[in-house]
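# What the coordinates show
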Amino acid sequence: MDFKFPIPHTRGSSHGGSRVTRKAFRLQEFHSQIMMKAYPMWETLEKEARVELFKQVGMLSTTHSCHEGLTKYFTKQPKLLNSKDVSQMYPLMTFPENEMAHLDEDAGILYASKCVMAFQKIFLSNGGVIKDNCKVRSIIPGDTVTVHTDDGDFQAKGLVLACGPWSSEILSNIGVFLPLKARTVDVCYWKEKPGYDHSKLPAFVSLLENCIIYGVPPSEYNGLMKITLHDSVPCESADTRDITDDELVARHLDKLKKYVASTFPHLIPEPAIRERCMYTITPDTVSIIDSHPTYKNIVFGAGFSGQGFKFAPVAGSMLADLVQNKTPDLLVDEMRASRFVTKSKL
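Residues numbered from 1 in each chain as written. Predicted model: local features only at pLDDT ≥ 70, side-chain atom pairs only at ≥ 80, totals over all residues. Heavy atoms only, no water.

### With respect to the pattern of salt bridges
- In this structure the tally under the stated criterion is twelve salt bridges.
- In this structure, Glu220 and Lys226 form a salt bridge, with 3.8 Å as the shortest nitrogen-oxygen distance.
- For Asp290, the salt bridge goes to Arg336, with nearest N and O atoms at 2.8 Å. Taken together, the residues span a long stretch of sequence, with Asp290 in strand E17 (residues 288-291) and Arg336 in the segment after helix H6 (312-323) at a distance of 46 residues. (Salt bridge = Lys/Arg side-chain N within 4 Å of Asp/Glu carboxyl O. Helix = DSSP H or I, 4+ residues; strand = E, 2+ residues; numbered from the N terminus.)

Okay, here's the thing in structure tokens:
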């Protein structure tokens, strides 16, 4: 059930053509363990839906100030590259002399919107029913959960809530209060200069001193490379995402223009397309997957902090186990809401 909009829509966090995906992860070790499980699950979805969802292009992780920390990205130790190595491998990219990099050859691109449609296709083929543009008015917990909507009441023995940037709005109504913040990101696409083809480049993430910039080779729009800041801009709520600090947005765009001009000299350093996306951020940028503190047949996933799409099949499996009162294999305490929530109104 999509409680806000008709499907498909671009108001949440799961639309768009691409997401960088990798087995190696720079945060806690359990993220890498999740990704080791997620890769074969994405492959299974590809086979069942009979559509290409993943393209292996590799991912270059670069930095000029803390290259020793790059090893945290990887489950196995790759070769450390210097700027000369990178320039020889990828002549369309230019890095300062003190730049260091690692190449994760297993990484690639998930075609996000196609992935969402594939999940929906398999769900429908297994007897599921999708209700979109269906405003949720209230949720009544109990042994049988009742969801009041504009299209009538729905009842079930269990309920899974994955409400993205609207999570606080929905969860607070059933006594769960999480420190989530809705934020926006302007995703930018940069046009190739005539005569240049960037389609053979890897995905990349650059760890700069005051920001993180990432990108993927042209895959969504012909001749346009996606390059954007991982940094997000605060907004009051998901419903007011188009009202943001214009000065901060302009500063972010200026950083991107300078980066593109210096690192990708064969791209026009002015975005050809800008699209807005939503992040839902937790204080530690680790997602939350848990059960209601009182009603264990209500479970929720929230706060994926701009990096959760790649986890989707594993997160879904965890939520499915929880709502059936099973213990998910990889659900660690660091992902539980209890690290933030000490009490409930219910």
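### With respect to the confidence of the model for the protein chain
- When the pLDDT values of the protein chain are averaged, the result is 89; 92% of them are 70 or greater.
- When mean pLDDT is compared element by element in the protein chain, strand E10 (residues 159-161) scores highest at 98, while strand E15 (residues 233-234) scores lowest at 84. (pLDDT = per-residue confidence, 0-100.)

### So, empty space enclosed by the protein
- All told, the structure shown has two cavities of 30 Å³ or more when counted by the stated rule.
- Looking at the largest cavity, its volume works out to about 120 Å³.
- Along the wall of the largest cavity there are 14 residues; nearest its centre are Val185, Asp186, Val249, His252 and Leu253.
- Elements with a minimum of two residues in the lining of the largest cavity: strand E11 (181-191), strand E14 (224-229), helix H5 (246-263) and strand E16 (273-281).
- Each residue belonging to the lining of the largest cavity can be placed in one class, and the counts come to seven nonpolar, three polar and four charged.
- Each pocket or cavity is described by its volume, and for the second largest cavity that value is around 30 Å³. (1 Å grid on protein atoms, 1.4 Å probe; cavity = no way out; pocket = protein on both sides within 12 Å on 5 of 7 lines; lining within 4 Å. Points joined across faces, edges and corners; volume = space filled by probe spheres on them. Nonpolar A, V, L, I, M, F, W, Y, C, P; charged D, E, K, R; others polar.)

### Some words on the packing of aromatic side chains
- A full pass over the atoms with the stated rule returns seven aromatic pairs.
- Here the aromatic rings of Trp42 and Phe119 are separated by 5.5 Å at their centres, their planes lie at 55 degrees, and the arrangement is tilted. Separated by 77 residues along the polypeptide, Trp42 in helix H1 (residues 29-49) and Phe119 in helix H3 (residues 112-125) bring together distant segments of the chain.
- With relative accessibility at 33%, the residue Phe119 sits in the partly exposed group.
- Considering the side-chain rings of Phe204 and Phe264, the 5.3 Å spacing of their centres and the 40 degrees angle between planes classify their relative orientation as tilted. (Phe/Tyr/Trp six-rings, centres within 6.5 Å; stacked < 30°, edge-to-face > 60°. Buried < 20%, exposed > 50% of the residue type's maximum accessible area, 1.4 Å probe, protein only.)

### Looking at the pairing of strand E12 (residues 203-207)
- Of all five residues that make up E12, five are buried, and the element is covered over most of its length.
- With burial as the criterion, each face of E12 is covered, one bearing Ala203, Val205 and Leu207 and the other bearing Phe204 and Ser206.
- Summarising the sheet, strand E3 (residues 59-63) and E12 pair through five bridges and their orientation is parallel. If you follow Thr63 over to E12, its bridge partner there is Leu207.
- What sits between E12 and strand E13 (residues 212-216) in their antiparallel hairpin is a turn of four residues. (Pairing = 2+ DSSP bridges.)

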